[in-house]
Amino acid sequence: MMPSDVPGYSPGLEDVIAGLSGISKVDPEGDELIYYGYKVSQLCEQSSFEEVCYLLLNGTLPLKNEFTAFQKKLIEERSVPSKLIQYICELPKEAHYMDVLRSGISNLSHYDPQCEDNSKEAELAKSIRLIAKVPTLLAARIRAQKGAKPLAPHAKLGHAANFLYMVNGTEPDPDFAKALDVSLICYAEHGFNASTFTARVIASTLSEMHSCITGAIGALKGPLHGGANEQAMYMLQEIGDPAKAEGWIKEKLAQKAKIMGFGHRVYKKKDARAPILKNWGWKLAKKLGQTKWHEIAEIVERVMMSEKKLFPNVDFPAAPLYYLLGLPIEVDTPLFVVGRMPGWCAHIIEQRVGNRIMRPESHYTGPQARDYIPLIKRS
Ligand code: ACO
């Protein structure tokens, strides 16, 4: 039986409307992505990740005093119980960063006083705690992998700058902090993608927020979703030289390989976030005098367009940008988690309103009903 023979079945749920949402609009033409009506390009230029968190959680931009109070709460909530930091640092060295983060966030639930409270008030408070604490967990693990002790958060630095401080122990160059901040804004929210949908399915059972987030992390880890940024950087490394890029990509396409960081289910022509991160990547590359990765990336992009009419999605330019920030490649997808946290939380809170458990149908393709034969009589 072919999928097209089953009325109402759309493989991969393509074009299926699975809910109503007022949080973001993903325009298939890729001209603009909006969060509660605000263009992401403008938010990247003029706002900050913290302000975008407020917007996604509350639906409006904050007034000055509201933003000051919100920022203060985010800073106060950055610290993580020392037992949990120790647990994160002592997990096997070989463990994947996404698995470590998933375990860390799952464990955070045991320390959250409102873990089992699904009221809106409690979920907003839990969202702030999750957004604030995840970078602390991740930075502690990065340092542990290098044999260094974790650092306490820096109360005077913004979200992105504080993360780089907790990794390196020095206050970052403002351009580096801004580049990371912009990437987090680009990653903050994107409609009913696989991880957000996973979070909403779990929320629809009335399970609590930390379970929804750990499920979302599992979905994000896959290379067809958030795992693509990490894979894109390995690909750039494997190519290694701009002179080899065109031949390398053409050979992979001839082998019918998927090129990570290209293509998208919703976007048909372009991903509005990709040029924003590409420009920031080039800015850092020129500042550092390390333009090789972006030169290779430009060629890959050109060949993918001419050969396959495929454009880079947000994960492709994020890969060299994070590399130039000096972060380990395996941290690329966990940084997607840091960015997507407010989007996931906003969707969980939205799902609670008028909730109905998600329970789609499947079309049975197995054998018709038949009699059970006792084991002794089977031959
Ligand atoms: N490289 C090569 N060919 C591709 C790529 C790619 N990156 N993406 C799509 N194609 C081709 C497919 O092989 C397929 O060709 P065919 O019809 O000849 O078999 C056609 O384009 C349609 O692709 P599907 O995989 O069916 O498209 P789908 O909508 O199911 O998947 C996805 C979208 C997963 C993003 C896909 O484009 C892909 O695998 N890209 C690479 C992984 C990636 O970058 N993921 C990140 C997505 S964005 C995000 O999560 C933030």
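K.L.:
Before we go on, may I ask you to explain the sheet that holds strand β2 (residues 33-35) in this structure?
P.N.:
Across a sheet, paired strands are connected by hydrogen bonds in the backbone, their directions being either parallel or antiparallel. One open sheet holds the three strands; their spatial order is β1-β2-β3, and the pairing between them is antiparallel. The strands lining the two open edges of the sheet, one partner per strand, are β1 (24-26) and β3 (38-39). Note that β2 and β3 share two bridges and pair antiparallel. Within β3, the residue paired with Ile34 across the bridge is Lys39.

K.L.:
Would you take a moment to explain the packing of helix α5 (residues 97-111) against helix α6 (residues 120-145) for this structure?
P.N.:
A pair of packed helices is characterised by two quantities: the angle between their axes and the separation of those axes. The contact between α5 and α6 brings their axes to 10 Å, and the two run at 135 degrees. Relative to α6, the element α5 is oriented oblique. Of the two elements, α5 crosses α6, and the hand of that crossing is right-handed. Contacts between α5 and α6 involve Tyr97, Val100, Leu101, Gly104, Ile105 and Leu108 from the first element and Leu130, Lys133, Val134, Leu137, Leu138, Arg141, Ile142 and Gln145 from the second. Here the residues of the contact of α5 with α6 are counted per class, giving ten nonpolar, two polar and two charged.

K.L.:
I keep staring at the domain arrangement of the chain and nothing clicks. Help me out?
P.N.:
Quite often, the size of an interface is put as the accessible area lost when its parts meet. Taken domain by domain, the chain comprises domain 1 (37-223 + 333-352) and domain 2 (228-324). Inter-centroid distance (C-alpha atoms) of domain 1 to domain 2 is 26 Å. With 20 residues of domain 1 at the contact, the number on the domain 2 side is 21 residues. Summed over both sides, the interface of domain 1 with domain 2 buries roughly 1,800 Å², with 63% coming from carbon and sulfur. In this structure, the connection of domain 1 to domain 2 is made through three salt bridges. Here Lys287 and Asp173 are joined by a salt bridge, their closest N and O atoms 3.0 Å apart. At the boundary of domain 1 and domain 2, one finds seven residue pairs in polar contact (both at pLDDT 80 or more). Mapped onto the side of domain 1 that touches domain 2, the elements with two or more residues apiece are α1 (40-46), α8 (174-187) and α16 (332-352). For the side of domain 1 that touches domain 2, the element with the most residues is α8, which contributes nine residues. Tallied by class, the residues present in the side of domain 1 that touches domain 2 amount to ten nonpolar, six polar and four charged.

K.L.:
Sorry if this is basic, but what is going on with helix α4 (residues 82-90) here?
P.N.:
In an α-helix, one full turn covers 3.6 residues, which means residues spaced three or four apart are oriented alike. Buried within α4 are the following residues: Leu84, Ile85 and Ile88. Viewed end-on, α4 has its buried residues packed into an arc of 105 degrees, placing them on one side of the element. Counted as exposed and oriented over 90 degrees from the buried face of α4: Ser82, Lys83 and Glu90.

K.L.:
Help me understand empty space enclosed by the protein in this model?
P.N.:
Empty space among the atoms becomes apparent when a probe as large as a water molecule is rolled across them. Going through the model one piece at a time under the given rule, you end up with one cavity of 30 Å³ or more. Put simply, the largest cavity is a space of about 70 Å³. Lys278, Trp282, His294, Ala297, Glu298, Glu301, Phe316, Pro317 and Pro320 are the residues that line the largest cavity. Elements supplying a minimum of two residues to the lining of the largest cavity: α13 (273-288), α14 (292-308) and α15 (315-324).

K.L.:
Looking at this structure, I do not really get the site of the ligand. What am I missing?
P.N.:
Around the ligand, a shell composed of 20 residues is seen, among which His225, Lys258, Ile259, Gly261 and Arg265 lie nearest. The separation between an oxygen atom of the ligand and a polar side-chain atom of Arg265 is 2.7 Å. Contact with the protein chains removes 65% of the 910 Å² of surface that the ligand exposes when unbound. Put simply, the ligand lies in the largest pocket. Each residue belonging to the shell around the ligand can be placed in one class, and the counts come to eleven nonpolar, five polar and four charged.

K.L.:
Quick question: what am I supposed to make of the layout of surface pockets here?
P.N.:
There is about 1,600 Å³ of room inside the largest pocket. As for the largest pocket, its lining consists of 45 residues, of which Phe192, Asn193, His264, Arg265 and Val266 are closest to the centre. Elements with a minimum of two residues in the lining of the largest pocket: β1, α9 (194-204), α14 and α16. The element contributing the most residues to the lining of the largest pocket is β1, with three residues. By residue class, the composition of the lining of the largest pocket is 22 nonpolar, twelve polar and eleven charged. Two domains each provide a minimum of three residues to the lining of the largest pocket, namely domain 1 (37-223 + 333-352) and domain 2 (228-324). Its volume calculated, the second largest pocket comes out at about 430 Å³.

What counts and how
Residues numbered from 1 in each chain as written. Predicted model: local features only at pLDDT ≥ 70, side-chain atom pairs only at ≥ 80, totals over all residues. Heavy atoms only, no water. Pairing = 2+ DSSP bridges. Helix = DSSP H or I, 4+ residues; strand = E, 2+ residues; numbered from the N terminus. Axes fitted to C-alpha atoms, helices over the stretch in contact; angles between N-to-C directions. Parallel < 35°, antiparallel > 145°, perpendicular 65-115°, else oblique. Left-handed = near helix turned anticlockwise from the far one by under 90°. Contact = heavy atoms within 4.5 Å. Nonpolar A, V, L, I, M, F, W, Y, C, P; charged D, E, K, R; others polar. Domains from an automatic or database assignment. Buried area = accessible area lost by both parts, 1.4 Å probe. Salt bridge = Lys/Arg side-chain N within 4 Å of Asp/Glu carboxyl O. Polar contact = N/O pair within 3.5 Å; in protein donor to acceptor, adjacent residues only side chain to side chain. Buried < 20%, exposed > 50% of the residue type's maximum accessible area, 1.4 Å probe, protein only. Arc of directions from axis to C-beta. 1 Å grid on protein atoms, 1.4 Å probe; cavity = no way out; pocket = protein on both sides within 12 Å on 5 of 7 lines; lining within 4 Å. Points joined across faces, edges and corners; volume = space filled by probe spheres on them. Near = heavy atom within 4 Å. Areas by Shrake-Rupley, 256 points an atom, 1.4 Å probe, with all protein chains shown as cover. Sits in = over half its atoms within 2 Å of the grid points.

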